[in-house]
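Residues per chain, in single letters:
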Amino acid sequence: MNSMINSIPVNNSFSWRRFVAVARFYYPRLRIQILVYPIAAVFFSIWISVAAGHELAELIAAPVIMAIGAMISFGPIALACRKGIETETLLPATGAEKCTFILLYGLIIIPLLILLPMQIMYFMLPVDQSVAYFANLIFKTNNLVITDTYGLSVVQHLAPAITCLWAVMTLKNNRVVMGIVWTFVFEVITAIIGASYGIIWVFKKGYNDGFSGVPADPDAIAEGIIEGMIPFMIVLSVIMIIYCIFALVKTCQNIKNRQL
């Protein structure tokens, strides 16, 4: 492997041959993830299909939904090299070729390793109306928010993975641990900001409705919370886009700066 990579000449033009060599270099540390993620996706699909017929379907499926989000968010830690950052620095490939592979794998391939097998499983499993209803129930809120924010909120699902990738590609020591720590810190900060805004809005809405004599309706309250959060989600999504662009630029700069 190393002799094959070292024999490839390096120049400033982008080379798909060197891109493949970069992929082959990272593959030994990624193969467990490439194997485990689809297997987990099959398990998740079966779990959700079984849970769909239960009266506590949402509660039963909640751990799976959280696990999927965590696997995507923390997935880039697989790119961390046990031998240290020096090994990656010596790889005879341009910064553009390394960045292309790292971003492609960390932000596109990792989600597909989970979501694509799950989608295939839904075609194979005996899906009935209950499963369709359950899937709609899970994703209804996300779809509503994505539609009302003009698609901007989609970036919020990638922001934790981008944070993890930034940490892994920037830090020199304890890259796995610090990637997990900084991703967790990012998640906590955004959750606190969102929860704070939601609590303030709910109390304000409840006070106004109580003062006006409007009867409490749980469904109306839930819909009102979503509608009330839309302006906040749009602003937050724009901030997230700016942050993600900045983080990706810094990630690529750090990769290129390590180039010999």
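For the structure, see preceding data.
Just so you know, these numbers come straight off a predicted model, no measurement behind them. (Residues numbered from 1 in each chain as written. Predicted model: local features only at pLDDT ≥ 70, side-chain atom pairs only at ≥ 80, totals over all residues. Heavy atoms only, no water.)

Colleague: Would you mind showing me how to read the overall build of the protein here?
Modeller: The helix and strand inventory of the protein stands at 9 helices and 0 strands. Going from the N terminus to the C terminus, the protein shows its helices and strands as α-α-α-α-α-α-α-α-α. Across the 260 residues that make up the protein, the buried fraction comes to 37%. Sequence-distant contacts, at least 24 apart, represent 81% of the contacts inside the protein between residues at least 6 apart. (Helix = DSSP H or I, 4+ residues; strand = E, 2+ residues; numbered from the N terminus. Buried < 20%, exposed > 50% of the residue type's maximum accessible area, 1.4 Å probe, protein only. Contact = heavy atoms within 4.5 Å.)

Colleague: Even after reading the chapter, I still don't get the packing of aromatic side chains, so can you show me in this structure?
Modeller: The description of an aromatic ring pair uses the distance of the two centres, along with the angle that the planes make with each other. All chains considered together, the criterion is met by 12 aromatic pairs. An angle of 15 degrees between the planes, with centres 5.4 Å apart, marks the rings of F186 and Y243 as stacked. Residue F186 is located in helix 8 (residues 175–212), and its partner Y243 is located in helix 9 (residues 218–257); the two are separated by 57 residues in the primary sequence. Put simply, the rings of F14, W16, F19, F25, Y26, F101 and Y105 pair up and form one aromatic cluster. (Phe/Tyr/Trp six-rings, centres within 6.5 Å; stacked < 30°, edge-to-face > 60°.)

Colleague: Would you take a moment to explain unusual backbone geometry for this structure?
Modeller: Trans is the prevailing form of peptide bonds, just as negative phi is the prevailing case for residues other than glycine. Although it is not a glycine, N174 adopts a positive phi angle of roughly 50 degrees. Among the secondary structure elements, N174 is positioned in the loop between helix 7 (155–170) and helix 8. For N174, a relative accessible area of 58% puts it in the exposed group.

Colleague: Mind showing me how you'd approach the packing of helix 5 (residues 95–124) against helix 7 here?
Modeller: Helix packing geometry: the angle between the two helix axes and the distance between the axes. Running from N to C, helix 5 and helix 7 cross one another at 140 degrees; their axes reach a closest spacing of 10 Å. As the angle between them shows, helix 5 and helix 7 are arranged oblique. Here helix 5 and helix 7 pass one another in a crossing that is right-handed. Between helix 5, through I102, L103 and L107, and helix 7, the contact on the second element is made entirely by L158, A161, I162, L165 and M169. For the contact of helix 5 with helix 7, a count of residues per class yields 8 nonpolar, no polar and no charged. (Axes fitted to C-alpha atoms, helices over the stretch in contact; angles between N-to-C directions. Parallel < 35°, antiparallel > 145°, perpendicular 65-115°, else oblique. Left-handed = near helix turned anticlockwise from the far one by under 90°. Nonpolar A, V, L, I, M, F, W, Y, C, P; charged D, E, K, R; others polar.)

Such coordinate-based values are descriptive only and should not be taken to indicate function.
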